[in-house]
Amino acid sequence: ERPTHPIVVMNGDLLTHIQYDALLEFHDAHQATATMAIREYEIQVPYGVVRVDGERIKAIEEKPVQQCFINAGVYVLSPEALDHLPDGAFLDMPSLFEHFIAGGDNVVAYPLREYWIDIGRSDDLERAARDWAGSRQ
């Protein structure tokens, strides 16, 4: 049965304290076809980065920190978004969002600032267990 309200889709390997009501309000306020929760992410390059122009060295930046936004794996889809799903075919969420973008649909990014961790790797799962144990004391 086709839903009459937006639906939340979430990756199964996440722990988060996202405020779903705020996410849904954001989606509605922007009259979006689809909303993707995004998170700021930093990674430090462990080497000096050399910027060149041909053979000439233009600059050296020692162990810079790169910043970007990443897909947090939490989404909201309006009911009409489901019309874009191909019958019987697999379509992951990034591909679906690329389809929406290519079609000119209103696709928005919701900044997730609450606790969030992907527990798909064992070291991150262990960190989440420590975080959880610390929050329960």
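What counts, and at which threshold
Residue indices follow the written sequence of each chain, beginning from 1 at its first position. Where totals are concerned, whole chains, interfaces and linings use all residues; where local detail is concerned, this predicted model gives features only for residues with pLDDT of at least 70, and gives and counts side-chain atom pairs only at 80 or more. The basis for every side-chain value is the complete set of heavy atoms in the structure, and neither hydrogens nor water enter the calculation. Strands here mean DSSP runs of E at least two residues long; helices mean DSSP runs of H or I at least four residues long; both are numbered from the N terminus. Think of it in three bands: residues with accessible area under 20% of the maximum for their type are buried, residues over 50% are exposed, and the middle band is partly exposed, with areas taken using a 1.4 Å probe on protein chains only. Polar contact is defined as a pair of N or O atoms within 3.5 Å, subject to the rule that within protein one atom must be able to donate a hydrogen and the other to accept it, and that residues adjacent in sequence are counted only when both atoms are side-chain atoms. Contacts: residue pairs with any heavy atoms within 4.5 Å of one another. This arc describes the spread of directions from the helix axis toward the C-beta atoms.

**Q** Give me the lowdown on the side chain of histidine 27, citing residues and values where you can.
**A** As for its placement among the helices and strands, histidine 27 is situated in helix 1 (residues 20–29). You can call histidine 27 buried: its relative accessible area is 1%. Polar contacts involving the side chain of histidine 27 include one to the main-chain carbonyl oxygen of alanine 32, which spans 3.2 Å. A distance of 2.7 Å separates the side chain of histidine 27 from the side chain of serine 78, its partner in a polar contact. For histidine 27, the contacting residues outside a window of four places in its chain are Pro6, Ala32, Thr33, Ala34, Thr35, Val76, Leu77 and Ser78.

**Q** Explain helix 1 to me, using residue names and the numbers behind them.
**A** Every buried residue of helix 1 is listed here: Leu23, Phe26 and His27. On an axial view of helix 1, the arc spanned by its buried residues comes to 100°, and they lie on one face. Those residues of helix 1 that are exposed and aimed more than 90 degrees away from the buried face are Glu25 and Ala29. Contacts from the buried residues of helix 1 go to strand 3 (34–44), strand 6 (65–77) and strand 7 (107–111). Phi for glutamine 31, located one or two positions after helix 1, is positive at around 45°.

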